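An overview of the molecular structure
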Amino acid sequence: MLRYGIAFDIGTTTIVGSLIDLNTLKEIDTASLQNPQARFGKDILSRISAVTEDASLLKTLQLDVVGACNSIIHSITNVTDRDYLELVVAAGNSVMEHILLGISPVSLARVPYRPVFKDARLLPAKDTGLDVKPFTKLYTFPLIGGFIGGDTVGVILSTGIHKKKEPSLAVDIGTNSEIVIGTGDKLYAASAAAGPAFEGGHIKDGMAADRGAIQGVKINNDSVILDVIGNINPAGICGTGLVDAAAQMLKAGIMDSSGRIKNRAEVYSNLANKVIEKKDGNAFLLSRDSKREISVTQKDIRELQLAKGAIQAGIRILMHKAKVDEVEQVYLAGAFGSNLKTESLIQIGVLKKEWQDKVVFVGDAALDGAKMAACSEKKRKEAEEIAAGVKYLSLSGSRHFQKEFIRGMEFPEAECY
């Protein structure tokens, strides 16, 4: 008898769903969509603000996420498949799971920043508006606390960081970046509001990692070499391209450790010709053709500094809290994270130089955890045990965080070419 399950990673920026054969435990198909809630703001705080100002928008936001999930369901299944769909599993941050279930997330924006619920939920999927049969169940991952939700539990479950004997670090890089430290005995987690820069948001020529996006940048002598998705003329730059560009600009002496893009006269190579001098800050030209000009602006670099500063600060504070001086493994999660280069993250200071050979890219680990839970009741119970055992650390309003955040905005001094 056919038996299917669907696993969702409900991201702030992107929603991803996978169809799984529950008999063979194999993935059949996967699809993704941009989260339509972005029209209310790129980050979760903007969406909470929308509901705070107008409570009726909660239903609108719920319809947005449910509509996107239904589109994915229709994309990866046919009518017959849905006759055998037993379970839908959803993992997302605390705000996304609240909205999916039609529960106001407003309490998360007020002291003491607590979610309305933390337990896993099992209910008829149709109750939320999902286009499935009446017998299909929806399981939502348990939450940890604050903005740390089921997606982080999924990352822990799929990486097995909770079972490691040596200290390990997991970072799910995205708009709302989650950080987890496993000491061998305990788990600690925190959320760093990195903003959308890592996903191309608030960037002048920013775009999602689609065809035409610059996803990699290399400066070789006086040449700028671009890696463009689809090997076509570039249409913009995505998050990985921005990180690469910043790292290469530092190494080439185009930018100093404060993040300032230098004037042409300060760049002692032919790369000076690619510096565009402006009153509101310089820019560095990546590509120019008859249709468009793509550059990294001073404002883009500042957005990146805010994002990386938040993550750096979160890592330092969490390691201090967990009394961990060094880690044996660093897991980088998130669809964005899987396309990053370790050396670029080290160059801009997100990761320590000593971690060069310790980094493991685990892709969409939140989705992998959701898939594991879709396939096994035992894994669902394990997820609930994980959530109950994590020590949540709130960074909101922390003076220590502000101090580390400001420190983290600086780039490391680079050895120039």
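Notes on the structure in this doc start here. Note that the structure is predicted; figures quoted are calculated from it, not measured. (Residues numbered from 1 in each chain as written. Predicted model: local features only at pLDDT ≥ 70, side-chain atom pairs only at ≥ 80, totals over all residues. Heavy atoms only, no water.)

1. Observations regarding the environment of Gly 41
This is how the line gets drawn: Helix and strand assignments follow DSSP, with helices taken as H or I runs no shorter than four residues and strands as E runs no shorter than two, numbered in order from the N terminus. Here a residue-residue contact requires only that any non-hydrogen atoms of the pair lie within 4.5 Å.
Inspection of the secondary structure assignment puts Gly 41 in the loop between strand S3 (26-34) and helix H1 (44-53). With near-sequence residues (within four places) excluded, Gly 41 lies in contact with Ser 46 and Arg 47.

2. Structural notes on the side chain of Lys 308
The following threshold applies: Identification of polar contacts relies on pairs of N or O atoms within 3.5 Å, with a donor-acceptor requirement for protein atoms, meaning one able to donate a hydrogen and the other able to accept it, and with residues adjacent in sequence counted only if both atoms are side-chain atoms.
Within the secondary structure layout, Lys 308 lies in helix H7 (residues 298-321). Within the local environment of Lys 308, its side chain forms a polar contact with the backbone oxygen of Glu 410, the two atoms lying 2.5 Å apart. Contact partners of Lys 308, with chain neighbours within four places excluded, come to Phe 198, Ile 348, Gly 349, Val 350, Gly 408, Met 409, Glu 410 and Phe 411.

3. So, the sheet that holds strand S15 (residues 293-297)
Adjacent strands of a sheet form backbone hydrogen bonds with each other and so pair up, either parallel or antiparallel. Formally: Pairing between two strands is assigned when DSSP locates at least 2 bridges connecting them.
Read from one edge to the other, the open sheet built from three strands follows the order S13-S14-S15, with strand pairing classed as antiparallel. Looking at strand neighbours, the two that pair on one side only are strand S13 (275-276) and S15, the edges of this open sheet. One ladder, built from five bridges, connects strand S14 (residues 283-288) with S15; its direction is antiparallel. By the bridge assignment, Leu 285 is partnered in S15 with Ser 295.

4. Notes on a positive patch on the surface
This is how the line gets drawn: Only residues whose relative accessible area exceeds 30% and that take part in no salt bridge are eligible for patches, with like-charged residues grouped when within 9 Å of each other and nonpolar side chains (Val, Leu, Ile, Met, Phe, Trp, Tyr) grouped when within 5 Å. Per-residue and other accessible areas follow the Shrake-Rupley method at a 1.4 Å probe size, with only the shown protein chains counted as cover for residues. For this document, the term salt bridge refers to a Lys or Arg side-chain nitrogen within 4 Å of an Asp or Glu carboxyl oxygen. Positive charges are assigned to Lys and Arg, negative charges to Asp and Glu, while His and the chain termini are left out of the count. Note that the charge is assigned to NZ on lysines, CZ on arginines, CG on aspartates and CD on glutamates.
Where like charges cluster on the molecular surface, the positive patch consists of Lys 186, Lys 321, Lys 323 and Lys 391. Among the secondary structure elements, Lys 391 is positioned in strand S18 (residues 390-392).

5. Focus: the pattern of salt bridges
So the rule is basically this: The buried label goes to any residue with under 20% of its type's maximum accessible area, the exposed label to any with over 50%, and the partly exposed label to all in between, with areas taken from a 1.4 Å probe on protein chains only.
Here the structure, examined in full by the defined rule, presents 18 salt bridges. The salt bridge partner of Asp 205 is Lys 204, with a shortest N-O separation of 2.9 Å. Taking relative accessible area as the criterion, Asp 205 reaches 15% and is therefore assigned buried. Residue classification places Lys 204 among the partly exposed positions, given a relative accessible area of 46%. Between Arg 407 and Glu 404 there is a salt bridge whose closest N-O contact spans 3.2 Å.

6. Here's the deal with the packing of aromatic side chains
Rules: We call Phe, Tyr and Trp rings a pair once their centres come within 6.5 Å, taking the six-membered ring for Trp, and we label the pair stacked below 30 degrees between planes, edge-to-face above 60, and tilted otherwise.
One pass over the structure, following the stated rule, counts two aromatic pairs. Ring centres 6.0 Å apart and planes at 75 degrees place the aromatic pair Tyr 139 and Phe 141 in the edge-to-face group. An angle of 15 degrees between the planes, with centres 5.9 Å apart, marks the rings of Phe 401 and Phe 405 as stacked. With a gap of four residues between them, Phe 401 and Phe 405 both fall in helix H11 (residues 399-408), about one helical turn apart. Taken individually, Phe 401 and Phe 405 each receive the classification buried, so the pair is uniform in this respect.

7. Details of the nonpolar core
Keep this limit in mind: Here the nonpolar core consists of buried residues drawn from Ala, Val, Leu, Ile, Met, Phe, Trp, Tyr and Cys, with membership extended through side-chain atoms lying within 4.5 Å.
Core analysis: the largest hydrophobic core is formed by 65 residues, its most contacted members being Leu 169, Ile 254, Phe 284, Ile 348 and Leu 351. When residues of this core are assigned to their parent elements, the largest contribution, 10 residues, is made by H7. Not counting the four nearest positions on each side in its chain, Leu 351 is found in contact with Val 330, Leu 332, Leu 345, Ile 346 and Val 359. The next biggest cluster of nonpolar side chains, apart from the first, holds 38 residues, and it includes Val 65, Leu 101, Phe 117 and Val 132.

Fair warning: the whole summary comes from geometry, so function is off the table for now.
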